[in-house]
Amino acid sequence: QVQLVESGGGLVQAGGSLTLSCAASGPTFSSYAMGWFRQAPGKEREFVAFISWSGGYTYYADSVKGRFTISKDNAKNTVYLQMNSLKPEDTAVYYCAKSASRGFYLSESGYHYWGQGTQVTVSS
């Protein structure tokens with residue numbers, strides 16, 4: 001059984017930084033791709049960042065490119081999202097997700113396991 005637990009959310013002023021963590025339980029964490037998504041109030045959940053199973057390839061939504069960095073530590077079964085230069089429009093519940101394959105996925109359908117989410121609020 002795969003479980004994903006996010007942490008690190010909170011309240012930060014615009015221009016500040018936060019690092020989100022997602023700890024995964026279950027086998028074969030290192031064998032599959034991971035992603036981060038977010039959902040703002042009244043909006044649909046959207047893709048934020050992707051990292052390949054090896055960690056060697058990353059991809060970002062245009063809205064966060066250059067500000068956010070996704071990484072994973074296979075030894076710790078953990079994926080991270082470093083968020084810098086935060087803006088009020090980054091306010092959302094952030095979810096990590098684990099794919100069931102080594103493919104490249106931007107849509108939710110490519111991910112089979114989801115965390116419970118962590119709230120990020122950026123004040124202006």
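Structure's up top.
Residues numbered from 1 in each chain as written. Predicted model: local features only at pLDDT ≥ 70, side-chain atom pairs only at ≥ 80, totals over all residues. Heavy atoms only, no water.

### Points about the nonpolar core
In terms of nonpolar packing, the biggest core is built from 34 residues, with Trp36, Leu81, Met83 and Tyr94 touching the most fellow members. If you list the elements that add at least two residues to this core, you get strand S3 (18-25), strand S4 (34-39), strand S5 (46-51), strand S7 (68-73), strand S8 (78-83), strand S9 (92-99) and strand S11 (118-123). Sort the elements by how many residues they give to this core and S5 lands first, with five residues. (Core = buried A, V, L, I, M, F, W, Y, C linked by side-chain atoms within 4.5 Å. Buried < 20%, exposed > 50% of the residue type's maximum accessible area, 1.4 Å probe, protein only. Helix = DSSP H or I, 4+ residues; strand = E, 2+ residues; numbered from the N terminus.)

### Some words on the packing of aromatic side chains
If you walk through the whole model with that rule in mind, you get ten aromatic pairs. On the basis of an interplanar angle of 80° and a centroid distance of 5.3 Å, the ring pair of Phe37 and Tyr111 is categorised as edge-to-face. Note that Phe37 is positioned in strand S4 and Tyr111 in strand S10 (residues 111-114), a separation of 74 residues in sequence. Like Tyr111, Phe37 is buried. Over the aromatic face of Trp114 sits the side chain of Arg45, whose NZ or CZ is 3.9 Å from the ring centroid. Positioned above the aromatic ring of Tyr59 is the side chain of Lys65, whose terminal nitrogen or guanidinium carbon lies 5.8 Å from the ring centre. (Phe/Tyr/Trp six-rings, centres within 6.5 Å; stacked < 30°, edge-to-face > 60°. Lys NZ or Arg CZ within 6 Å of the ring centre and 35° of its normal.)

### A few points about the sheet that holds S3
The four strands lie next to each other as S1-S3-S8-S7, forming an open sheet whose pairing is antiparallel. At either margin of the open sheet sits one strand with a lone partner, and together these are strand S1 (3-7) and S7. If you compare each strand with its neighbour and ignore which way they point, the axes differ by 15° on average. Bridging between S3 and S8 involves six bridges; their strand directions are antiparallel. The residue of S8 that forms the bridge with Ala23 is Thr78. (Pairing = 2+ DSSP bridges. Axes fitted to C-alpha atoms, helices over the stretch in contact; angles between N-to-C directions.)

### So, a nonpolar patch on the surface
The grouping of Tyr57, Tyr59, Phe104 and Leu106 at the surface amounts to a nonpolar patch, some 360 Å² of accessible area in total. Considering the arrangement of structural elements, one finds Phe104 in the loop between S9 and S10. According to the relative accessible area criterion, Phe104 is partly exposed, its value standing at 40%. (Patch = residues over 30% accessible without salt bridge, like charges linked within 9 Å, V, L, I, M, F, W, Y side chains within 5 Å. Areas by Shrake-Rupley, 256 points an atom, 1.4 Å probe, with all protein chains shown as cover. Salt bridge = Lys/Arg side-chain N within 4 Å of Asp/Glu carboxyl O.)

### Quick look at the state of the cysteines
Simply put, disulfide is the name for a covalent bond between the sulfur atoms of two cysteines. What the rule picks out here adds up to one disulfide. Residue pairing for Cys22: its cysteine sulfur links by disulfide to Cys96, the two sulfurs lying 1.9 Å apart. Residues Cys22 and Cys96 share a disulfide whose torsion about the S-S bond is about 45°; that sign makes it right-handed. Here Cys22 is found in strand S3, whereas its partner Cys96 is found in strand S9, with 74 residues between them in sequence. When its relative accessible area of 0% is taken as the criterion, Cys22 is described as buried. Residue Cys96 is classed as buried on the basis of its relative accessible area of 0%. (Disulfide = S-S within 2.5 Å.)

These values are about where atoms sit, not about what they do.
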